[in-house]
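# Coordinate analysis (summary)
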Amino acid sequence: MRRLDRETVDRIAAGEVVTRPARVVEELVENALDAGAERIEIEVDGDGTERIRVADDGRGMSADEAELAVERHTTSKLPDCDLTAVETLGFRGEALASIADVARMTLTTNDGGPRGTSVHVDGAGPRSAGSRPAAGDDVTVDSAGRGRGTTVEVRDLFHNRPARVESLAAPATEFERISDRVAAYALLRPDVALSLEHDGRRVFATPGSGDAADAALSVYGREVARESTTVDATATATVGDEKATVELRGLLAYPSITRASADHVRIAVNGRPVSVPALRRAVERGYGSLLAGDRHPVVALAVSLPPWAVDPNVHPTKQTVALRAADAVAGVVEDAVSDALSTADLRRSADVAMDLDAALDPVDTAASALDDATVLGRFRDLYLLCEADDDLLVIDQHAAHERINYERLRAAVESEGVESVPLDPPATLSLSPGQVAAVESHADELERLGFDCEPFGGGTVRVRAVPAPLGRVAAPDTLESTLTALREGEDPNRRDELLADLACHPSLKAGDELTDDDAAALVERLGACEQPFACPHGRPTVLAIDEGHLARGFERHPRRG
Ligand code: ADP
Ligand code: MG
């Protein structure tokens, strides 16, 4: 532990570190993680200004170190002031001092010796920003009994900063921020057992097993843990002239579980939960068409990069980092997410709920899941019932058609074009002048999509042929929505949506009775899709009822008569 020199301080000084109670929790949890803790207990009273206590079983500090630690710009984490080699979460050496400035803080610590040390610092009255704590005068040091590890208790936060208190949100909101931040550490570091208590009541506690699904079970509950898959991948990204090894570890909830906001896409870079929009977008691109347009997934993804590829020193409260070659890293992230989802082999069948709501699980297993599906029959001309191993599958005919149409259209657009059938006689559509102009400017694309059409004067267009993917003939008016979509630009996501909309056009969907052969063919084609288990707009195509559900419902033991 040492004082940083002036020059280094100037490079890293951050300004105001403690702006709200959640910031205290973040800094203390990061210190505990840096100390190699395997168990971290967090207790919060009220909105956090009353009391925050973080206890860890990390390596602790000696008496001398403890006394130095609460001074400003003292750290054990920048051995040679080299910011490009930071492998810890902390490096500025100002968190403990900043907290002590605005609260009453007691640090009790032991590095494994017979006695521990307790350091109490009482935040002095209001001080002008940037002035150093009056060394010694408000610091008390004692010896204290404690096993190896460190406990920091912070009381009366902002007692000497009335303006800060004013700017806090309602207590429930401040606690929500705290719990959201702790959840992020818990999900992104499943190897550490984290627990959070609020006003004496346990909010959650993770087991520290190292398995992201166990952490998700503790934080989110059974549904998310069951409806998700893990990622564990190593890839290489080109950063400047060098190759960087990128490790990706985490949890991806299936598209059957989504959220209206992106707050549950949690990403850590080198162990710190950060907000890096480029990486969040990469994760969402990895879900691709599995996600309905306005929905966001539930994800915890820890990205590890060599320290030289990351600058952690770009934000006063370390909420984000700068990546060298962010695009290359984003590409790696997108691929890993998309691979993990397409090979996902999940539905943890153990410990499933017995209520019937939960009995129908959207299926998200590997593509081979439909290989051995046998059609048993149909229900209301809408659903196909199939047998597959221990599951009874219910396939939504419409959704299945949409998925198949969509993949066909996409493949066709990329190669020889969509199958098309002539209209005899041709249809005539009245369109706006802009749409008529688009018929000419997008002529190639329309042809690849299976349209044969041309302006016919007076705001009309003559349609001579329409797309017919899967032998189903599109209605001539699909041209209109296709033109609207084409005019909205060159954005590749918009193109996917265009195909998805076209694939879902009512005229292309099966509503009528299928023969047994048709039904079998539909299931086979669905199984051959790249992503069989969601329609192009992200809704499930297949639900599964595990035999165990039925057995339990009928109060039998599965497979034992
Ligand atoms: P930083 O983390 O940037 O070094 P802090 O003010 O947060 O700055 O902590 C100062 C120093 O105190 C750290 O470098 C570390 O050596 C020590 N320290 C703080 N918290 C703990 C802890 N929970 N366990 C062990 N050492 C700690
Ligand atoms: Mg720190």
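Description of the structure in this document. As the structure is a prediction and not an experimental result, all values here were calculated from the model.

Here the idea is simple: oppositely charged side chains can pair when their charged atoms come close. Under the definition given, this model contains 25 salt bridges. Between Arg51 and Asp45 there is a salt bridge, with its nearest N and O atoms 3.0 Å apart. Through salt bridges with shared partners, a single network forms among Glu43, Asp45, Arg51, Arg53, Glu153 and Arg155.

Here we come to the site of ligand 1. In the vicinity of ligand 1 lie 19 residues, with Asn31, Thr75, Ser76, Lys77 and Gly93 positioned nearest. Within the side chain of Thr75, a nitrogen or oxygen atom sits 2.5 Å from an oxygen atom of ligand 1. Within the complex, 95% of the 530 Å² of free accessible area of ligand 1 lies under protein. Those elements that place two or more of their residues in the shell around ligand 1 are helix H2 (21-34), strand S4 (74-75) and helix H4 (95-101). Here the residues of the shell around ligand 1 sort into 8 nonpolar, 7 polar and 4 charged.

Moving on to the packing of helix H13 (residues 433-441) against helix H15 (residues 478-487). Two numbers describe how H13 lies on H15: the axes approach to 10 Å, and their chain directions differ by 80°. The angle between H13 and H15 places the two elements in the roughly perpendicular class. For the pair H13 and H15, contact is made by Gly434, Gln435, Ala438 and Val439 and by Glu480, Leu483, Thr484 and Arg487, respectively. Residue classes in the contact of H13 with H15 are distributed as 3 nonpolar, 3 polar and 2 charged.

Here we come to the sheet that holds strand S6 (residues 116-122). In spatial order, the strands read S7-S6-S5-S8-S3-S2-S9-S10; together these 8 strands make up an open sheet with mixed pairing. One side of each edge strand has no neighbouring strand; the edge strands of this open sheet are strand S7 (139-144) and strand S10 (201-205). The average undirected angle you get between the axes of adjacent strands in this sheet is 15°. Relative to strand S9 (residues 193-198), helix H6 (residues 171-188) is tilted by about 170°, and along the sheet it contacts strand S2 (39-45), S9 and S10.

Okay, helix H17 (residues 516-527) next. Between its first and last C-alpha, H17 extends 17 Å over 12 residues, near the 16 Å set by a 1.5 Å rise per residue. Taken together, the buried positions of H17 are Ala519, Leu522, Val523, Leu526 and Gly527. Buried residues of H17, viewed axially, fall in a sector of 130°; they line one side. Counted as exposed and oriented over 90 degrees from the buried face of H17: Asp517 and Glu524. On its buried face, H17 is in contact with strand S21 (374-379), strand S22 (383-388), strand S23 (391-396), helix H12 (397-414) and strand S27 (542-546).

What counts and what doesn't
Throughout this description, residue numbers start from 1 for each chain and increase along the sequence as written. Both sets of labels track the order of writing: A upward for chains, 1 upward for ligands. Given that the model is predicted, a residue must reach a pLDDT of at least 70 before its local features are reported, and side-chain atom pairs must reach 80 or more before they are shown or counted; all residues, however, enter totals for whole chains, interfaces and linings. Side-chain measures were taken over the full set of non-hydrogen atoms in the model, leaving aside hydrogen atoms and water. Salt bridge criterion: a side-chain nitrogen from Lys or Arg within 4 Å of a carboxyl oxygen from Asp or Glu. In this text, near means that some heavy atom of the residue lies within 4 Å of the molecule or strand in question. Pairing of N or O atoms within 3.5 Å defines a polar contact, subject to two protein rules: one partner must be a possible hydrogen donor and the other a possible acceptor, and residues neighboring in sequence count only if both atoms are side-chain atoms. Each accessible area value is a Shrake-Rupley result obtained with a 1.4 Å probe; residue values ignore everything except the protein chains displayed when judging cover. The numbering of helices and of strands both runs from the N terminus, where a helix is a DSSP run of H or I of at least 4 residues and a strand a run of E of at least 2. Only Asp, Glu, Lys and Arg are considered charged, only Ala, Val, Leu, Ile, Met, Phe, Trp, Tyr, Cys and Pro nonpolar, and every remaining residue, Gly among them, polar. A fitted line through C-alpha atoms serves as each axis, taken over the contacting stretch for helices, and the angle formed by two N-to-C directions is quoted from 0 to 180°. Here the angle decides the label: under 35 degrees means roughly parallel, over 145 means roughly antiparallel, 65 to 115 means roughly perpendicular, and every other value means oblique. The criterion used for residue contact is that any of the two residues' heavy atoms lie within 4.5 Å. For two strands to be treated as a pair, DSSP must find no fewer than two bridges joining them. Here, expected helix span is obtained from the residue count minus one, scaled by 1.5 Å. Remark: exposure states derive from per-residue accessible area (1.4 Å probe, protein chains only) relative to the maximum for the residue type, with buried under 20%, exposed over 50%, and partly exposed in between. Here, the arc refers to the directions that run from the helix axis to the C-beta atoms.

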